[in-house]
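Read off the chains here:
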Amino acid sequence: MTPSRNAPCPCGSGRKFKHCHGRKDSGRRPVSKTALSEAALTARRLLEAGQYAQAEAAIGRLPDDAMRAQLEVHLHTSAASSASPHAAKEAVLRWCALSPRDPQACRTRVELGLHSGSLDDVEAAITAGQTVLARSELATHAGVLATLRGQHADAMRQFRVAVGPQLKSRQQEEVQLRASLMAFEATIGNYAGSAARDQYRRVDFVHERETLRAALLSVDTLKPAARKALAPLIQLGWRHLAYSVTFDFGRIDEGIGCLARVNDVGVDIWATLNRLTLLNYSDAFEAGDIADAHREFGQLARARLGPATTRFSNPPDPGRRLRIGFVSADFREHSVAYFVRPLLEHVDKGQFETFGYFNQPDAGAAQPAIDNDAMTAALRNAFDRFFAVGDLHDTDLVARIRADRVDVLVDLHGLTTGHRVGVFVERAAPVQVTWLGYPNTSGIDTMDYRLVDAVTDPPGAAFAGGTEELIRLECLAAYSPPEDYPPVCNPGPADERSFAFGSFNNTAKLSPKTVRLWAKVLDAVPHATLTLKYPSLSQTSVRQRLSQAFVDQGVDASRLHLLGADAKLHDHLARYHQIDLALDSYPYNGTTTNCESFLMGVPVLTLAGNDHRSRVTASQLVALGFTQLIAHSEEEYVERASALAHDAAALTAVRNNLRERFLESPLVDGAAFARDFELRVRSMWRKWCEQT
């Protein structure tokens, strides 16, 4: 039966039948509602379930050519191993030809061009959509295209056209702010309505960032009522700026300032949390002030969420098998995973049942790509129970964890991006612990314990300052080396070539004090070079800022070797062959990079500070038995670096058998760490049972 002309089209487009497949110019005989809608829905369900072979067969049986082409686009852009960009492009062109007045076909063609990075295809799609898409939408796409081509003036002109229908007033400041936000988001891959949201990223966006900053500052001149009306946009703008400078070099304090501007408009939990994270990188704040800021956040979170529950049905039996849950977004190829894995692989399964709560979207059949991470697969197998919980609201995740009757819940994230701190604020388990993923207190009153060691947080130290009770492990964590790593390279005598210092730490950790300290080292060793490596160093703007920071300290830029990311971990590790002595950052030390350095036979020199973030490397060196590489003042740091650079025999004595020593140390002894961890957890549980 043919639908009436004013009825919804059975293809599912949402348009009236007379404007879709019932058009007189369609050239096709209308398809029956039963034949089209049921077959199309079946094909869609198969796609969503990840049953791609069955979906392809169902799509092939569809009686409507346009619908078949539309679903073929989704098939060929899915996460399936058979995904084919070329086939997707052919399908979307066929869809557009069969449904030339369908806006969704035009949009999808634009998105495919962005997804593939083919800007010529994007331009062709925009041209083809001139009579189909609304003017503001066309301008948005044109602005994105101009942004990606570096045509900044044209991009801003297009975005100003695009924001016209959204204006609450005719104020030029609002026009410029909205347009600047669109330009910035286009640069970082956040295209409105685009499938390429996280697929296409340019590395340098200095122009868009400064344009957005200027627009935000101009809004400050508006009257209070006008600023209040624009508050959500203003907060978004300052959040974007904070995000952009976080990954730049030497702009941590600027990022902290941007986040303060967000909260000036109105208290924003996201901004508050990110500010706390950035404080750990800054050398402009004392440990006590940072701890105070974390406690203030904890008070804010408690006021927002209300009292936490204290009633649990878990049997208070101190000797029974315990259920331990771990919450993290980093059960993947990430630094945290290299320390979690040995614990899981050596934990006593007879005494402890482990639950992994992976804060990523459900990795079911519809998204199999997440399982392509070998580390995720390994951890999934190591846990007794493993769940992807990224789609769950905090309240739902709390209910899930309580339903699983988890006894001890371990936070592996702290307050960094991907956290589930709200779950811990609500108290999802009788005992809650934070460990590994964050160098400071959580600040919340429902986090019972923080796992540290006697070096990172010495007993009786005045800088403890957190809300948790500190539990000192024998060793802070045990590392799981990658399965494939290069051989150790023994460099020739230093007097036959320049001496090479190096650091592969996050550039965000290279504080002004770190740069000044390393510049003093280079001044003390005139023949030395410094190799720095991190993914952000592929950005021209970051390299320039970093080089200039050293030049300002009197270091010739030719002595710096700046490297970006390597595609393979094996190649990354091989870069350590270019380093004689690794220099640690301050105040935020390296952790995983230290283990990589030790594995590759390269010692690390550190300056021990007075809080956890600046004592992790000292902890690792104590575990290795290399206390001579721990300095306690800047002068001592420079002296020891210079002494090792000028004394080949002393350096060789340290480097000889460093890999073997590392692999036999507590830093890699997963079994010993697991036994120690189990004792501490059992003690926590016994205490809860006694109190209950």
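About the thresholds
- Residues numbered from 1 in each chain as written.
- Predicted model: local features only at pLDDT ≥ 70, side-chain atom pairs only at ≥ 80, totals over all residues.
- Heavy atoms only, no water.
- Core = buried A, V, L, I, M, F, W, Y, C linked by side-chain atoms within 4.5 Å.
- Buried < 20%, exposed > 50% of the residue type's maximum accessible area, 1.4 Å probe, protein only.
- Helix = DSSP H or I, 4+ residues; strand = E, 2+ residues; numbered from the N terminus.
- pLDDT = per-residue confidence, 0-100.
- Contact = heavy atoms within 4.5 Å.
- Phe/Tyr/Trp six-rings, centres within 6.5 Å; stacked < 30°, edge-to-face > 60°.
- Salt bridge = Lys/Arg side-chain N within 4 Å of Asp/Glu carboxyl O.
- Pairing = 2+ DSSP bridges.
- Axes fitted to C-alpha atoms, helices over the stretch in contact; angles between N-to-C directions.
- 1 Å grid on protein atoms, 1.4 Å probe; cavity = no way out; pocket = protein on both sides within 12 Å on 5 of 7 lines; lining within 4 Å.
- Points joined across faces, edges and corners; volume = space filled by probe spheres on them.
- Nonpolar A, V, L, I, M, F, W, Y, C, P; charged D, E, K, R; others polar.
- Left-handed = near helix turned anticlockwise from the far one by under 90°.
- Polar contact = N/O pair within 3.5 Å; in protein donor to acceptor, adjacent residues only side chain to side chain.
- Right-handed = clockwise from strand over helix to strand, strands pointing away.
- Disulfide = S-S within 2.5 Å.
- Expected span 1.5 Å × (residues − 1).
- Arc of directions from axis to C-beta.

(A) Highlighting the nonpolar core. By size, the foremost hydrophobic cluster in this structure holds 101 residues, and its most contacted members are F326, W435 and F501. When residues in this core are grouped by element, the largest group, eight residues, is from helix α28 (residues 670-691). In terms of nonpolar packing, the next biggest core, distinct from the first, is built from 52 residues, W238, L278, V425 and Y588 among them.

(B) Broad picture of the confidence of the model for the protein chain. Per-residue pLDDT for the protein chain has a mean of 87; in total, 87% of the residues score no lower than 70. The low-confidence segment residues 191-203, where pLDDT is below 50, has 38 contacts with residues more than four positions distant or belonging to other chains.

(C) Layout of the environment of V555. Its location among the elements puts V555 in the loop between α21 (540-551) and β10 (560-563). Overall, the relative accessible area of 5% leaves V555 in the buried class. The sequence separation of V555 and P526 amounts to 29 residues, and the corresponding C-alpha distance is 9.7 Å.

(D) How the structure looks around the packing of aromatic side chains. Tallying each qualifying case throughout the model produces 20 aromatic pairs. Seen from their ring centres, Y338 and Y479 are 5.9 Å apart, and the 25 degrees between their planes marks the pair as stacked. Taken together, the residues span a long stretch of sequence, with Y338 in helix α16 (residues 337-346) and Y479 in the loop between β7 (469-473) and β8 (500-503) at a distance of 141 residues. Geometrically, the ring pair formed by F383 and F386 is tilted, given 5.8 Å between the ring centres and 40 degrees between the ring planes.

(E) Focus on the pattern of salt bridges. Scanning all chains against the criterion turns up 39 salt bridges. Taking the shortest distance from any N to any O, the salt bridge between D566 and R575 comes out at 3.1 Å. Overall, R575 belongs to the partly exposed group, its relative accessible area being 27%. Salt bridges sharing partners connect three or more residues here, namely R209, E210, R213, R251 and E254.

(F) Highlighting the sheet that holds strand β3 (residues 385-388). In spatial order, the strands read β3-β2-β1-β4-β5-β6-β7; together these seven strands make up an open sheet with parallel pairing. The sheet is open, and its two borders are formed by β3 and β7, each paired with just one other strand. Between one strand axis and the next, the sheet turns by 25 degrees as a mean value, whatever way the strands run. Where strand β5 (residues 431-434) lies against strand β6 (residues 449-453), two bridges are found, and the strand directions are parallel. Paired with T434 across the strands is R450, a residue of β6.

(G) Seen up close, empty space enclosed by the protein. Here the structure, examined in full by the defined rule, presents four cavities of 30 Å³ or more. Counted as a void, the second largest cavity has a volume near 70 Å³. Counting only elements with at least two residues in the lining of the second largest cavity, the list comes to β8, β11 (581-583) and α23 (592-599). When residues of the lining of the second largest cavity are assigned to their parent elements, the largest contribution, three residues, is made by α23. Its residues assigned to classes, the lining of the second largest cavity comprises five nonpolar, six polar and one charged.

(H) Summary view of the packing of helix α9 (residues 172-187) against helix α12 (residues 231-246). One way to put it is that α9 packs onto α12 with a least axis distance of 11 Å and a crossing angle of 35 degrees. Helix-helix and strand crossings are classified by hand; for α9 and α12 the assignment is left-handed. When α9 is examined against α12, the residues L177, R178, L181, F184 and E185 are found in contact with a partner set consisting of L233, I234, L236, G237, H240 and S244. Each residue belonging to the contact of α9 with α12 can be placed in one class, and the counts come to six nonpolar, three polar and two charged.

(I) Representation of the environment of H86 within the structure. Mapped onto the fold, H86 is located in helix α4 (residues 85-98). Residue classification places H86 among the exposed residues on the basis of a relative accessible area of 56%. Expressed as a C-alpha distance, the spacing of H86 and H76, which sit ten residues apart in the sequence, is 8.5 Å. In terms of polar contacts, H86 uses its side chain to reach the side chain of E90, at 3.0 Å.

(J) View of unusual backbone geometry. A cis amide bond links Y586 to the next residue, P587, at an omega of 10 degrees. When you line up the elements, P587 lands in the loop between β11 and α23. A positive phi is found at R405, a non-glycine position, where the angle reads about 55 degrees. Inspection of the secondary structure assignment puts R405 in the loop between α18 (394-403) and β4 (408-411). Although it is not a glycine, R427 sits at a positive phi angle of roughly 65 degrees. By the element assignment, R427 lies in the loop between α19 (421-425) and β5.

(K) Highlighting the pairing of β8. Residues of β8 alternate between two faces, with A500 and G502 on one and F501 and S503 on the opposite face, all of them buried. Bridging between β8 and strand β9 (residues 529-533) involves four bridges; their strand directions are parallel. Opposite G502, over in β9, you have T531 as the bridge partner. Once you follow β8 into helix α20 (residues 512-524) and on to β9, the crossover reads as right-handed. With two bridges joining them, β8 and β11 adopt parallel strand pairing.

(L) Structural context of the state of the cysteines. In total, this model carries zero disulfides according to the counting rule given. Take C96: it sits in no disulfide, and the sulfur closest to it among the cysteines is that of C106, at 5.2 Å.

(M) Representation of the sheet that holds β9. With respect to topology, six strands assemble into an open sheet ordered β10-β9-β8-β11-β12-β13, the strand pairing being parallel. The outermost strands of the open sheet, each flanked by one partner alone, are β10 and β13 (630-631). Sheet contacts for α20: β8, β9, β11 and β12 (604-607); angle to β9, the most-contacted strand, approximately 145 degrees.

(N) Helix α13 (residues 252-265), seen in detail. Counted at 1.5 Å a residue, the expected span for α13 with its 14 residues is 20 Å, and the 21 Å between its end C-alpha atoms agrees. Every buried residue of α13 is listed here: I252, G255, I256, C258, L259 and V262. Viewed end-on, α13 has its buried residues packed into an arc of 160 degrees, placing them on one side of the element. Considering only its buried residues, α13 is in contact with α12 and α14 (269-279).

(O) Local environment of the environment of T277. Within the secondary structure layout, T277 lies in helix α14. When the C-alpha positions of T277 and H294 are compared, they lie 9.5 Å apart, and in sequence the two are 17 residues distant. Once residues lying within four places of it in the same chain are set aside, the contact partners of T277 are L415, T416 and Y438.

(P) Examining the pairing of β9 more closely. With five of its five residues buried, β9 lies for the most part within the structure. Alternating residues of β9 divide into T529, T531 and K533 and L530 and L532, and every residue in both groups is buried. Both β9 and β10 contribute to a ladder of four bridges, which runs parallel. Note that in β10 the partner of L532 across the bridge is L562. Note on the crossover from β9 through α21 to β10: the handedness is right-handed.

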